[in-house]
Amino acid sequence: MISLAIAYLKDRPLTSALNVALLAISVALLVLLLQFGHQAGERLERDARGIDLVVGAKGSPLQLILSAVFHIDRPTGNIPLDSLDLLRRDPAVERAVPIALGDNFAGYRIVGTDDSFMALYGAELASGRTFDEPMEAVLGSEVARATGAGPGQAFVSSHGLADEQDAEQGHGHAPFETVGVLVPTGTVVDRLVLTPYESVWDVHGIAHGRPESEHAHDHESAAGDAGAPDQPGRRSALTMTSRAPEAELTALLVTYRNAAGALRIPALVNRQTAMQAAVPASETARLLDLLGASLEGVRVLGWLLAVTGGLAIFVALLNMVRSREGDLALLRVMGASRMQVFATVLLEGVVTAVFGAALGWFAAHGLIAAARANFATLSNLGLAAWHPLPEELLLVAAVLGLGALAALIPALRIYRVDAARILARS
Amino acid sequence: MTTLCVRDVALSYDGRPVLEQVSFDLAPGSRTLLLGASGSGKSSLLNIVCGLQSPDRGEVKLGEEAIAPARSAAAADRVRQRHMGIIFQTLRLVSALSVRGNLLLAQKLQTGRRDPALVDSVLRELGIADRAHARPFALSQGEAQRAAIARALVVRPKLLIADEPTSALDRDNAHRVAGLLLDAAKASHASLLIATHDERLLPHFEKVLRIERGRIEEGRITA
């Protein structure tokens, strides 16, 4: 009976294809939403784990979090180097991790920092060693995999935070040396290049306390540099009038030692300095709330499409049953039971739904893979293409149920038909 | 020993008699024409013989198995499925399947198993082996007629029943189809019962059942 159901579907290819396409689009939309919502939420939570507060230049707190924690936006500006000591000296602060941004390697952000960054994310070395000197770099696992770089190899960074054609300016005069590669962590660290923050200053020719690298040079700063904020006039949060390039940081990732920190540190930063303090948990929640409304709208659209697909199957099968009443009556006369004829019609609905669900599922995951390969933001979000969720199984089951439900009335109609009367009539 | 035994069958619609005291026998391997004009009651009689309709009175047996009155509709269905090959006036090939697919489906439904070798053999005998994979809409009227006959034969029936098989055909084709049915019935050792109003078929048959106003007049064709 399944082969007969498939034969009937093939007999009206256009209608069947349209019904499959409708269901496939709805399944693809819903799977994309599930994947995006789940993976993005999980990713944001994982990347922000252990970070209670982010201190950076004044501006949008969300932008500060996105740039300093998730590495998917431009920094709000720079902050003075001595802010690091200020926070590290505070007894309520367990850890303050410095971040200096400005360049990229093959589209992967180079993060100037110190050993505390790896400790924050629990990152371990897969090969080589950690950096000791400026211009030494440790690669995240994804960076090493994508670029093929490894310990002992040198690379040249490009100016800017992404691999953009028009923004790219190579720093051929100041090559980095890869000294280590990290094991995969499933966090943003996998897609970062870590180096001492002095490297960022050296590459841009900014003087600092440590012995200056031989590669240091005068460099026209651009947006996002630790030495050159992207907003004119906000060169430094503490030295607003200085125009000479200074050794600065982009942000600090702070972990409290105790609950008192949560009460005191943000107030201290926001009221007593020209910097801002942003809480990743609340900014992430705000971001997910903002996204949530849009995602909900798309989810409703997805289910509407699924219902439309179900209605299309219903109409197609009802017409089929009407036009092939004789065929189906003949099956009964030849020996098919009522249940077999009923199942043939029901199977047509279910088979349509199976094809729609399968096509939609593969399309959704294929789209994620394609988008990940072509859009840096999605890649940076760490969306994985072929990681099905348990909810997807429920979704597919719901669509199959919809197909069966749509076929139920036409199938019941043929179940009740008096085969002899129909054949005698003709 | 008879293949089909019809005794005192009566049927009426809304008090109007359609069949009255209809009785006849078909011997194994016999070839019989049920001849009658439109409205004479032959379609109703054929439906009763096939177990598609129950008579008001009388009994119908295929061998020793009762078709009417049957213990249940399912029992009558089983007799029909196991022992009858039916060729409908409108042929009724399943449009979504190829000719071969139609034959295999009929085998599966009526006998519970597929016999592709028998299907291919019947298609060859009827001269449509080269159209085995064609869909019904791609067949000529003659090819479709042969396909319908083939479908009735592949279940190895005891009784082959055809309802108005020549109604839409010209004289030459009518004789050709009649010859085809006779040959097919002979080859499969089945009794043949053709219901028709087409008197052109008379020369092909040794026995004729004339039905008029619901009554049967049995005759033997000698010409």
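In the nomenclature of an unreviewed UniProt entry, chain B is known as ABC transporter domain-containing protein of Erythrobacter litoralis.

Trainee: Looking at this structure, how should I read the pairing of strand β9 (residues 176-182) of chain A?
Mentor: Look at any regular strand and the pattern is simple: side chains alternate between the two faces of the sheet. All names here are of chain A. Among the 7 residues that make up β9, 6 are buried, leaving the element largely enclosed by the rest of the structure. Bridging between strand β5 (residues 125-128) and β9 involves 3 bridges; their strand directions are antiparallel. Pairing of Gly128 across the sheet is with Gly180, part of β9. With 4 bridges connecting them, strand β6 (residues 136-139) and β9 associate as parallel partners. The partner of Val138 across the bridge, within β9, is Gly180. Of the pairings in the sheet, the one linking strand β7 (residues 154-155) to β9 comprises 2 bridges and is antiparallel in character. By the bridge assignment for β9, Phe155 is matched with Phe176.

Trainee: Is there a simple way to explain the pattern of salt bridges in this structure?
Mentor: For side chains bearing opposite charge, pairing can occur when the charged atoms are close. Inspection of the entire model under this criterion finds 21 salt bridges over all chains. For A:Asp90, the salt bridge identified is with A:Arg264, shortest N-O distance 2.4 Å. Linking A:Asp90 in the loop between α4 (82-88) and β3 (93-105) with A:Arg264 in helix α8 (residues 259-272), this pair joins segments that are 174 residues apart in sequence. Note that B:Glu199 is salt-bridged to B:Arg210, the shortest N-O span being 3.8 Å. Here B:Glu199, found in the loop between β8 (191-196) and β9 (207-212), pairs with B:Arg210, found in strand β9; they are 11 residues apart in sequence, far enough to count as distant. A relative accessible area of 47% means that B:Glu199 is categorised as partly exposed. Note on B:Arg210: relative accessible area 31%, which makes it partly exposed. One salt-bridge network, in which partners are shared between bridges, spans A:Arg129, A:Asp132 and A:Glu136.

Trainee: How should I be thinking about the interface of chain B and chain A in this particular structure?
Mentor: It is common to give the size of an interface as the accessible area that goes away when the parts come together. Listed as interface residues are 19 residues of chain B and, on the opposing side, 21 residues of chain A. Surface buried jointly by chain B and chain A totals about 1700 Å² across both partners, of which 62% is contributed by carbon and sulfur atoms. When residues of chain B are sorted by the area they lose upon contact with chain A, B:Leu52, B:Arg92 and B:Leu109 head the list and together hold 33% of the total. Counting every contact that joins chain B to chain A gives 1 salt bridge. In this structure, the salt-bridge partner of A:Asp11 is B:Arg135, at a minimum N-O distance of 2.0 Å. Only α2 (73-83) and α3 (99-111) of chain B provide two or more residues apiece to the side of chain B that touches chain A. Partitioning the side of chain B that touches chain A into residue classes produces 10 nonpolar, 5 polar and 4 charged.

Trainee: Is there a simple way to explain the confidence of the model for chain B in this structure?
Mentor: A low pLDDT means the predicted coordinates there should not be read in detail. When pLDDT is averaged across chain B, the result is 87; 96% of the residues are at 70 or more. For chain B, strand β10 (residues 215-220) of chain B is the element with the lowest average pLDDT, namely 72, and strand β4 (residues 57-62) of chain B is the one with the highest, namely 93.

Trainee: I would appreciate a short explanation of empty space enclosed by the protein in the present structure.
Mentor: Picture a little ball the size of a water molecule; that probe, rolled over the atoms, points out where space is still empty. All chains considered together, the criterion is met by 1 cavity of 30 Å³ or more. Within this model, the largest cavity holds a volume of roughly 90 Å³. Residue lining of the largest cavity: A:Leu330, A:Val333, A:Met334, B:Arg80, B:Met84, B:Gly85, B:Ile86, B:Phe88, B:Gln110, B:Arg151 and B:Ala152, and that is the complete set. Of all the secondary-structure elements, those providing two or more residues to the lining of the largest cavity are α10 (325-334) of chain A together with β6 (84-87) and α5 (141-153) of chain B. Of the residues contributing to the lining of the largest cavity, the split by class is 7 nonpolar, 2 polar and 2 charged.

Trainee: Explain the layout of surface pockets here, please?
Mentor: In this structure, the largest pocket encloses a volume near 500 Å³. Lining the largest pocket are 27 residues, with B:Gly51, B:Ala73, B:Ala74, B:Ala76 and B:Asp77 sitting closest to its centre. Elements supplying a minimum of two residues to the lining of the largest pocket: α10 and α14 (419-425) of chain A together with β5 (65-68) and α2 of chain B. Among the elements that make up the lining of the largest pocket, the one with the highest residue count is α2(B) (6 residues). Partitioned by chemical class, the residues of the lining of the largest pocket number 14 nonpolar, 8 polar and 5 charged.

Trainee: Whenever I open this one, the environment of A:Ala96 confuses me. Can you help?
Mentor: Residues and elements named next belong to chain A. With respect to the helices and strands, the residue Ala96 is situated in strand β3. In this structure, the C-alpha to C-alpha distance between Ala96 and Ala251, residues 155 residues apart in sequence, is 9.7 Å. Excluding residues that lie within four positions of it along the chain, Ala96 makes contacts with Leu84, Leu87, Arg88, Ser116, Leu253 and Val254.

Conventions adopted
- Residues numbered from 1 in each chain as written.
- Chains lettered and ligands numbered in written order.
- Predicted model: local features only at pLDDT ≥ 70, side-chain atom pairs only at ≥ 80, totals over all residues.
- Heavy atoms only, no water.
- Buried < 20%, exposed > 50% of the residue type's maximum accessible area, 1.4 Å probe, protein only.
- Helix = DSSP H or I, 4+ residues; strand = E, 2+ residues; numbered from the N terminus.
- Pairing = 2+ DSSP bridges.
- Salt bridge = Lys/Arg side-chain N within 4 Å of Asp/Glu carboxyl O.
- Contact = heavy atoms within 4.5 Å.
- Buried area = accessible area lost by both parts, 1.4 Å probe.
- Nonpolar A, V, L, I, M, F, W, Y, C, P; charged D, E, K, R; others polar.
- pLDDT = per-residue confidence, 0-100.
- 1 Å grid on protein atoms, 1.4 Å probe; cavity = no way out; pocket = protein on both sides within 12 Å on 5 of 7 lines; lining within 4 Å.
- Points joined across faces, edges and corners; volume = space filled by probe spheres on them.

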